[in-house]
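A look at the structure
So the chains spell out like this:
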Amino acid sequence: MTSPAAVLRPLTIGPHRVWPPVVLAPMAGITNVGFRQLCREQGGGIYVCEMITTIALVQRNPKTLRMIAFGAEEQPRSLQLYGTDPEVTAAAVRIVVERDLADHIDLNFGCPVPKVTRRGGGSALPWRRRLFARLVRAAVDAASPAGVPVTVKMRKGIDDDHLTYVEAGLAAQDAGVAAVALHGRTAAQRYSGTADWDAIATLKQALDVPVLGNGDIWEADDALRMVAHTGVDGVVVGRGCLGRPWLFADLEAAFEGRPERRLPTLGEVAVTMRRHAELLVEQFTAGSRTPARGERDGCTDFRKHVAWYLKGFPVGSELRRELAMIESLAQLDDLLGKLDAVEPFPVAALGQPRGRTNSPGKVFLPEGWLASRDDDTVPEGAELDDSGG
């Protein structure tokens, strides 16, 4: 395989130079301050916070404002916005710029969930090409005076009969985006099947701005294969890092041409789990009235990660259940002490899907959505006031 150093330069996102060329995808309930710091401690890249809805930001929703939080050493600060109305999106971007909330803005056109697509948002919106172009241009125009780059993340289209990715990529480029990321699945595929890396290669060939590939990067070597197959300028990693933040150490090594890959023992995984929970407790304590409440909330947030960390390890169901119900760090320490520290990493779990997996399904759309590609009317009721997904 060609050396990655020969294939890739540092990823360029406006004024930001990123090495290795790796982006952590925003994931609802996952990519908060604590998780992002844990990942950054492993390796370099851009780490995107949870998705923020434009209407919630414009309305100064307290929960949304708390979610826009970054660590002191987080550079660049990366924020993803979801919106469907160009004017509301522009207003939200102006708030980000004027309040210096982030250094990079990504626009979400990839979400496939029914509550989003049935309102014409997320992966449904690029079908309305004029509305898509207006929205992206509104965001770029609002961000450019401050030198804040805007990127877009999208899917191939609604389904195989309604593909939009090349046309949308060109429109986004014309609107002035700094880069385009493509998840190689349609909305109808959801998280099923195999990502279409050929489509990512097609988009790369069509655009002049940097293109990032997303989909089925479970191991660092998958990222190298994607680069070799598609020619992309960088990769976006989502579900592959769930319960495996050390994947970013592997990715850094891979892009630097180093052979080492992490295969932590269960004891080493336990150390990472403890660090993760500790960071979440710090995060929630900072936003809580009492340390006790912050510790409880941080431990509660950590629970969802337990199954991902222990995937493939021979850990009994009762211990797994107890770990997924912790309320304090002391309780976590006691339970982690019961794990077999020398148990080797389950290599059979390598390369396997993590997180959400589901079957293809019908894409719910607003009535008449497919009838006209040039209708740029803002979908009624499409704005979501709940940030995070």
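Residues numbered from 1 in each chain as written. Predicted model: local features only at pLDDT ≥ 70, side-chain atom pairs only at ≥ 80, totals over all residues. Heavy atoms only, no water.

This paragraph deals with the packing of helix α12 (residues 266-286) against helix α13 (residues 291-302). Two measures define how a pair of helices packs: the angle their axes make with one another and the distance between the axes. Two numbers describe how α12 lies on α13: the axes approach to 7 Å, and their chain directions differ by 135 degrees. In this view, α12 runs oblique relative to α13, as classed from their interaxial angle. As for how α12 packs across α13, the hand of that crossing is right-handed. Residues M273, H276, A277, L280, V281, F284 and T285 of α12 touch α13, and the partners they reach there are P291, G294, E295, D297, G298, C299, D301 and F302. Within the contact of α12 with α13, the residues separate by chemical class into eight nonpolar, four polar and three charged. (Axes fitted to C-alpha atoms, helices over the stretch in contact; angles between N-to-C directions. Helix = DSSP H or I, 4+ residues; strand = E, 2+ residues; numbered from the N terminus. Parallel < 35°, antiparallel > 145°, perpendicular 65-115°, else oblique. Left-handed = near helix turned anticlockwise from the far one by under 90°. Contact = heavy atoms within 4.5 Å. Nonpolar A, V, L, I, M, F, W, Y, C, P; charged D, E, K, R; others polar.)

On to the state of the cysteines. All chains considered together, the criterion is met by zero disulfides. Here C39 is not disulfide-linked; the sulfur of C241 is the nearest cysteine sulfur, at 5.0 Å. Classification of C39 as buried rests on a relative accessible area of 0%. Not engaged in a disulfide, the cysteine C49 finds its nearest cysteine sulfur in C39; these two sulfurs lie 14 Å apart. Take C49: its relative accessible area is 0%, and that puts it in the buried class. (Disulfide = S-S within 2.5 Å. Buried < 20%, exposed > 50% of the residue type's maximum accessible area, 1.4 Å probe, protein only.)

On to the pattern of salt bridges, then. Under the criterion given, the structure shown has 25 salt bridges. R134 is the partner of D376 in a salt bridge, and the nearest nitrogen-oxygen pair spans 3.3 Å. Here R134 lies in helix α7 (residues 129-143) and D376 lies in the segment after α16 (329-336), a separation of 242 residues in the sequence. Accessibility expressed as a relative area gives 38% for R134, which makes it partly exposed. Among the salt bridges present, the one from D222 reaches R225, with a minimum N-O distance of 3.0 Å. Here D222 and its partner R225 are both found in helix α10 (residues 220-230), three residues apart, which amounts to about one turn of the helix. Judged by relative accessible area, which is 10%, D222 ranks as buried. Within this structure, E41, R274, R275, E278 and D333 form a network of salt bridges that share partners. (Salt bridge = Lys/Arg side-chain N within 4 Å of Asp/Glu carboxyl O.)

Attention now moves to the pairing of strand β10 (residues 211-214). Here β10 shows two buried faces, one formed by V211 and G213 and the other by L212 and N214. Sheet analysis places strand β9 (residues 179-183) next to β10, joined by four bridges and oriented parallel. Note that in β10 the partner of A181 across the bridge is L212. Taken together, β9, helix α9 (residues 197-206) and β10 constitute a β-α-β crossover, and its handedness is right-handed. For the crossover from β10 across α10 to strand β11 (residues 234-237), the handedness is right-handed. (Pairing = 2+ DSSP bridges. Right-handed = clockwise from strand over helix to strand, strands pointing away.)

The next thing to look at is empty space enclosed by the protein. A water-sized probe, rolled over the atoms, reveals where empty space remains. Under the defined criterion, the tally for this structure stands at five cavities of 30 Å³ or more. There is about 130 Å³ of room inside the largest cavity. Lining the largest cavity are 17 residues, with V23, H104, D106, T151 and A181 positioned closest to its centre. Every element with two or more residues in the lining of the largest cavity is listed here: β7 (104-109), β8 (150-155) and β9. Class assignment for the residues of the lining of the largest cavity results in 12 nonpolar, three polar and two charged. (1 Å grid on protein atoms, 1.4 Å probe; cavity = no way out; pocket = protein on both sides within 12 Å on 5 of 7 lines; lining within 4 Å. Points joined across faces, edges and corners; volume = space filled by probe spheres on them.)

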